[in-house]
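Structural description and commentary
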Amino acid sequence: MKSFSERIAFCKNPVAKKLLTLMLEKQSNLAFSVDVTAAEKLLALADQVGREICILKTHIDILEDFSPAFIADLRKLADKHKFLIFEDRKFADIGHTVKLQYEKGIYHIADWADMVNAHALPGPGIIKALSEAGVPKNRGLLLLAEMSSEKNLLDANYAKKTLAFAEQFPEFVFGFISQNKLSDNPAWIYLTPGVQFQAKGDTLGQQYVTPEKAIIENGVDVIIVGRGILQAKDPAAAAKLYREAGWKAYLDRCT
C-alpha cells in the first residue's frame, strides 16, 4: 500500500493533491460532518474542531439563516485552520440542471466549496456538467459508490459502473464516498461516512463502523464523523480522539 505522500504524484485533480498534503501536515484523516441548522453554531463548531480535521462537511440547505456573509466567515475559518470544505449536496439530476444547482441559486456552491459529491445514477452527463463549472475553479468531485444506510440500493454492480464513470474524468473526479476501497489506483481517495467508536446504528437505518474497521479492514482513507463529535460534551476533545484513532489506523495499515 502506498503512503499518502507517495500518492500525491498520481493525482490529477488539484483538490486531491491539496487534501493529501493537508492530511500529512496535520496528521489528520478526519472529516467532520457538521449537520446543524444555525449558521452561528456551525461557525463555532468549525472553529472549535478546525485544528483536528482535514475536511469540514456541510449541508448548506439545512441552515435556517444562510447568508453570503456566513460563507465569507466559513472560508476564513478554513484558511485559519487549514481544512477543506465539502458541500454534501449529492447532485442527482440531468446535467443541465445540476450545473445550475452548482453555480447558481442562492448558494453559489461552486464559488466556495472545495469539493462536492454526486450520484452516478443519471449517467456520465452529470459529471461532465459539474466539471464544466468546477474545473475552471480548481474544484473536485466525489462520486457516491456505496452508502452506509441499511438496505440501500447501491450494490456491487453499481459501484463498478460508478468507478468506470470516474475513470473518464480523472481531472475532476478524485475519489468516492464508499464503505470500501474500490480500485488499486492510488489516485483515488475514499471517504467513508457512518464512523463512530461504538459501531451500532440509529433508528433511521444508519449503520456505523469504527475508525479501525473503516481504514484497516475496508481500506478507506478519510473517516467522516458527525454525531460522535456533535453530541459530545466537548466536541474539540472528541474530534481529537477521532483524529488520533484515524491517523493511527492509517499508520498501522501502512506497516
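Residues numbered from 1 in each chain as written. Predicted model: local features only at pLDDT ≥ 70, side-chain atom pairs only at ≥ 80, totals over all residues. Heavy atoms only, no water.

1. Considering the packing of aromatic side chains
Going through the model one piece at a time under the given rule, you end up with 9 aromatic pairs. Taking the centre distance of 4.9 Å and the plane angle of 75 degrees together, the rings of F66 and Y107 count as edge-to-face. Placement of the pair is F66 in the loop between β2 (55-58) and α4 (68-81) and Y107 in the loop between α5 (95-103) and β4 (115-119), with a sequence separation of 41 residues. With a relative accessible area of 21%, Y107 lands in the partly exposed category. With centroids separated by 5.7 Å and ring planes inclined at 65 degrees, the aromatic side chains of F91 and Y102 adopt a geometry described as edge-to-face. Within this pair, whereas F91 is found in strand β3 (residues 84-91), its partner Y102 is found in helix α5, the two being separated by 11 residues in sequence. Residue class for F91 comes out buried when judged on its relative accessible area of 0%. Assessed through its relative accessible area of 0%, Y102 is described here as buried. Among the aromatic residues, ring-to-ring pairing joins F4, W247 and Y250 into one connected group. (Phe/Tyr/Trp six-rings, centres within 6.5 Å; stacked < 30°, edge-to-face > 60°. Helix = DSSP H or I, 4+ residues; strand = E, 2+ residues; numbered from the N terminus. Buried < 20%, exposed > 50% of the residue type's maximum accessible area, 1.4 Å probe, protein only.)

2. Description of unusual backbone geometry
Look at Q27: it is not a glycine, yet its phi comes out positive at around 50 degrees. Checked against the element boundaries, Q27 lands in the loop between α2 (14-26) and β1 (30-33). Its identity as a non-glycine residue notwithstanding, K90 has a phi of 50 degrees, on the positive side.

From the geometry alone we can't say anything about function, so treat these as descriptive.
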